[in-house]
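Descriptive analysis of the structure
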Amino acid sequence: MGTDDRGWNGLGYAGVFAPDPVAWRAFATGVCGFVPAEIVPGPRPQGIALPTPGAEGLAADGTCYLKLDRRQWRLAVHPGETPGLAYLGFELRTERAFDRQVERLVDEKIEVREGTQAERDARGVDRLAVVQDPFGHRLELFQGPIIDGPFVSPTGIAFETGSLGMGHAVLFVADIEAALAFYRGVLGFQRSDYMVFGPEGRGIHFLRCTARHHSLALLQIGPPSGLQHLMFEATSIDGVGRALDRALQAGVPISSGLGRHRNDGILSFYMHGPSGFDVEIGWGGVLCGEDWSERQFAGGDDWGHHGLVADSLQPRR
Ligand SMILES: [Fe+2]
C-alpha cells in the first residue's frame, strides 16, 4: 500500500509542555518568526469563532497557540512543569482516509479512541483519534482543521507547509525495530533512508507520509523516549539566515551551526528551544517522488552542522 492510499497530509500540529508558555512565545515569535494565533481554539457556542483582542495566542488555561501559515495554529505550548512533548498530530486528508486509518489500528489490536467533543474543540478539528506509540508518545490522528487568516510575520519569514505538513519531528525511541513496526507497519509511513551508528548499530531512520523527505525520524541512542527536535522549513535561504541572526542576537544557544544534511538536502541550523528539545530552521529540503527508493547513508552532512554528532544527540532537560 503506497503513501497515497493512506491519505496522510503530514505532521499537522504539535503540542509541547513548558513551565512558562509566555516565555516560549517570546522565543517562537522573536526568534523563529511564528505569530500568536489570532483566534485560539476552543468551544464555539455561537458556532463562530472571533478574534480575541489582546490575547496574543493565550487561551484561558494558559496554553499559547502559535501560527505559521493559514492554519488556526500549528504549535501549542501548554503549561507543564515537565518540559517536552505533549503530542504530535498527524493529519489525514479526507474523512475516508481517517476512518480507514482508525480501522487499521483496530485491526492491529492497537488501542485507539475517538476524541471527545471537548478534545476536538481544543484542537480545532472535525475528527480526532488518540493513540500511543509503543513508547508512550501521544499521537493524534486528525482531519478537518480550522483555517483562518493569512500568516504575516513581522520578521518576514514564511514557511513551507501545505500538503507537506508543518515540518518534521525527531523522536527518541527505545527500540528501533518496534518503532519501525508501528510507524511503517501500522501507520503506513515509508522509510526514505536511514543511517546506522551507535554501539548497537541502531542509528536514525527517516520516515515520510507525504512528499516531504521525512515528517518523522526515529532515533535510538539508548533507553530514553521523547522529542529530540522539531524542524520548520523556511521558504527562502534568507529566512534561515535571518532566523540565525535573531537567535544569536537573543543569546539562544546554537546546538549546531549552519550545515547541509546529506540525505534530505536541508540547509539548516539547530538551537536549544526553551523546553528541553531543539528547534531546527531549514530550507531547501528534497521532495520524494513515486520513483524514490530507500537507501542507506553514511555521514550526516555534506558540510557544516558542527556539533551535530552522535554523542551530542542526548536528551536535554
Ligand atoms: Fe531535522
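The model shown is predicted, which means the values in this text are computed figures rather than measured ones.

About the cut-offs
- Residues numbered from 1 in each chain as written.
- Predicted model: local features only at pLDDT ≥ 70, side-chain atom pairs only at ≥ 80, totals over all residues.
- Domains from an automatic or database assignment.
- Contact = placed C-beta atoms within 7 Å.
- Helix = DSSP H or I, 4+ residues; strand = E, 2+ residues; numbered from the N terminus.
- Buried ≥ 20, exposed ≤ 12 C-beta atoms within 10 Å, placed from the backbone.
- Arc of directions from axis to C-beta.
- Pairing = 2+ DSSP bridges.

Points about the domain arrangement of the chain
- You can read the domains of the chain as domain 1 (3-145) and domain 2 (162-312).
- Here domain 1 and domain 2 have C-alpha centroids that lie 21 Å from each other.
- Between domain 1 and domain 2, the residue contacts involve 36 residues of the former and 39 residues of the latter.
- Listing elements by their share of the side of domain 1 that touches domain 2, those giving two or more residues are α1 (3-6), β1 (8-18), α2 (21-32), β5 (84-92) and α3 (95-107).
- Examining the composition of the side of domain 1 that touches domain 2, we find that 10 residues originate from one element, β1, more than from any other.

Here we look at helix α5 (residues 176-186)
- Buried within α5 we find I176, A179, F182 and Y183. Along the long axis of α5, the arc covered by the buried residues comes to 130°, so they all point the same way. Facing away from the buried surface of α5 by more than 90 degrees, the exposed residues are E177 and G185.
- Just past α5, the residue G188 takes up positive phi, approximately 85°.

Looking at the pairing of strand β10 (residues 190-195)
- Taken together, the 5 bridges between β10 and strand β11 (residues 203-208) define a ladder with antiparallel strand orientation. Note on β11: the bridge partner recorded for M195 is I204.
- When β10 meets strand β17 (residues 295-297), the two strands line up parallel, connected through 3 bridges. By the bridge assignment, D193 is partnered in β17 with R295.

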